[in-house]
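Examining the three-dimensional arrangement
The residues making up each chain are set out below.
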Amino acid sequence: MKINIRVASNIFLGVFLLTTFLMPNTLINGVAKLLCIMVLFFEIYVCRYDIKIGFYTIWACILSIYSFSSIFWAYNIFDSIMGWQALFKNLLLGMSLFAIIKSKNRLRNIMQIFVLAGVSLVFALLFINGFDFISYTTRLGTNVEGYNANDIALKLTLAVLFAYLLLKETRNKVYLISILIMMPAIVFSGSRKGLFLLFTVLIFSSVYTSNNIKQLGIKILRWFIVLVIIFWGLFEIEPLYNIIGYRLEGLFNYFMGSELYDASTRERMEMIEIGRALMYEKFVFGYGINNYTYLSGKGTYAHNNYFEIGTGMGIVGIIVWYIQYIGVFKNAFIEKKYKQSDIVQNVLLGILLAFIIMDYGLVSYLQEYFYVIVSMIFAYLEASSGKENNKV
């Protein structure tokens, strides 16, 4: 019975992640998430898992209670209710996953689902969109209703990183083929975030395993050369420049104080400035969760996690949200659960580090897959330090 329910949980989790990749923000995706959460909690009940009320669970409960309380002082109550129920479901998903990941084998299953979902997304985009992106002027996914190029790139990058881990572990060429299928899609999405996530994680996981200063210096030099070659290609090869090079150029120009940046960067920075102003108006508690969209007049999120949360839940909300990162690094380093040679930990912590930085231009707390990643990190740190490390 326990084996069957675990198989069922993997199937429902697979359906949920597939719909998250292929049909984001649809009714089907919402139903798949609810069914997945229900089956995961049923597994917890049937298998009689030893549920420890640890840092992650306490943090999720505090965030859920505080975000719910913000409804009572919300400027737009309906938007706050909708925002809270979405957050609550994501927290339930994260807590249930944290509870059922009792082994590295289970973590491996989730990584495999990510890879399957990533490859499926590429073929779905090719089926829907054809090969129009080869014109080198249109970002992959921008002409497909319901899809967002940055969202596509981030999901595919996570899938590539997990395929990389699985390839290192199993030497199965299926994962190499999967990487080769997904990498061009990441490039042709024109997403700066996708490339940033990929290289931040790879550099972190490589450099941090250095045993001495000499080895560290050699690795930094190698990565510097690799990045110089890549950026040369993105800026000098016209097809790549038309897709992503000009967008990187615009971002560099913005941070250098130049007015020569693309319309997309200009619009995003304007929304961030609106979020900054709204947060400062109600600095402590904010206007109520999910109120940025209504108050900004932009009809969308702030494109900045700090100000999206700050507008809705104030500085208190920002502190509560980012305490989870403190919990991860506390578990990893202070409690000695971090193993420098453990590539899985390196990649997972690298992903978290990248999201902390990307939150300036990304609203991670709205992303369903982010809660899956955080639960994987907490669970892996626990599994790496406990007796359940080798359980199947």
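Shown above is the structure to which this text applies.
The notes below deal with the structure included here. None of these values were measured; they are calculated from a predicted model.

1. Some points on the pattern of salt bridges
Under the counting rule described, the total for this entry stands at 7 salt bridges. Between Lys 298 and Glu 267 there is a salt bridge, with its nearest N and O atoms 3.4 Å apart. In this pair, Lys 298 sits in the loop between helix H12 (292–296) and helix H13 (305–334) while Glu 267 sits in helix H11 (residues 263–281), placing the two residues 31 residues apart along the sequence. On the basis of relative accessible area, Glu 267 is assigned to the partly exposed category, the value being 34%. As a salt-bridge pair, Arg 276 and Glu 273 come within 3.0 Å of each other at their nearest N and O atoms.

2. A word on the environment of Leu 34
Note on placement: Leu 34 falls in helix H2 (residues 27–46). The partly exposed category is assigned to Leu 34, whose relative accessible area is 42%. For the pair formed by Leu 34 and Asn 90, sequence separation is 56 residues and the distance between their alpha carbons is 9.8 Å.

3. Concerning helix H7 (residues 173–188)
In this model H7 runs 24 Å from its N-terminal to its C-terminal C-alpha over 16 residues, within 8% of the 22 Å that 1.5 Å per residue would give. Here H7 has its buried residues at Tyr 175, Ser 178, Ile 179, Met 182, Ala 185, Ile 186 and Phe 188. Capping of H7 at its N-terminal end is provided by Asn 172; its side-chain oxygen lies 2.9 Å from the backbone amide nitrogen of Val 174. Just downstream of H7, Gly 190 is the residue with a positive phi angle, here 70 degrees.

4. Digging into the packing of aromatic side chains
Under the counting rule described, the total for this entry stands at 26 aromatic pairs. Plain terms: the ring middles of Trp 321 and Tyr 365 are 5.8 Å apart, the flat faces sit at 70 degrees to each other, and that makes the pair edge-to-face. In this pair, Trp 321 sits in helix H13 while Tyr 365 sits in the loop between helix H14 (343–358) and helix H15 (368–385), placing the two residues 44 residues apart along the sequence. The same class applies to Trp 321 and to Tyr 365, which are both buried.

5. A short note on the side chain of Lys 33
Here Lys 33 lies in helix H2. In contact with Lys 33, other than residues within four places in its own chain, are Phe 16, Ala 86, Lys 89, Asn 90 and Glu 368.

6. What to know about the nonpolar core
Core analysis: the biggest nonpolar cluster contains 112 residues, and Phe 114, Phe 162, Trp 321 and Met 376 have the highest contact counts within it. Contact partners of Trp 321, with chain neighbours within four places excluded, come to Trp 59, Leu 63, Asn 305, Ile 309, Ser 364, Tyr 365, Phe 370 and Tyr 371. Of all hydrophobic cores here, the second largest spans 5 residues; its members include Leu 278, Tyr 287, Tyr 292 and Ala 302.

7. Let's talk about the packing of helix H6 (residues 149–170) against helix H8 (residues 192–207)
Packing of H6 against H8 brings their axes to within 7 Å, and their N-to-C directions diverge by 25 degrees. Of the possible angle classes, the one that applies to H6 and H8 is roughly parallel. When you trace H6 past H8, the crossing you get is right-handed. Facing H6, whose interface residues are Asn 150, Ala 153, Leu 154, Thr 157, Leu 158, Val 160, Leu 161 and Tyr 164, H8 presents Arg 192, Lys 193, Gly 194, Leu 197, Leu 198, Val 201 and Leu 202. When its residues are assigned to classes, the contact of H6 with H8 shows 10 nonpolar, 3 polar and 2 charged.

About the criteria used
- Residues numbered from 1 in each chain as written.
- Predicted model: local features only at pLDDT ≥ 70, side-chain atom pairs only at ≥ 80, totals over all residues.
- Heavy atoms only, no water.
- Salt bridge = Lys/Arg side-chain N within 4 Å of Asp/Glu carboxyl O.
- Helix = DSSP H or I, 4+ residues; strand = E, 2+ residues; numbered from the N terminus.
- Buried < 20%, exposed > 50% of the residue type's maximum accessible area, 1.4 Å probe, protein only.
- Expected span 1.5 Å × (residues − 1).
- Polar contact = N/O pair within 3.5 Å; in protein donor to acceptor, adjacent residues only side chain to side chain.
- Phe/Tyr/Trp six-rings, centres within 6.5 Å; stacked < 30°, edge-to-face > 60°.
- Contact = heavy atoms within 4.5 Å.
- Core = buried A, V, L, I, M, F, W, Y, C linked by side-chain atoms within 4.5 Å.
- Axes fitted to C-alpha atoms, helices over the stretch in contact; angles between N-to-C directions.
- Parallel < 35°, antiparallel > 145°, perpendicular 65-115°, else oblique.
- Left-handed = near helix turned anticlockwise from the far one by under 90°.
- Nonpolar A, V, L, I, M, F, W, Y, C, P; charged D, E, K, R; others polar.

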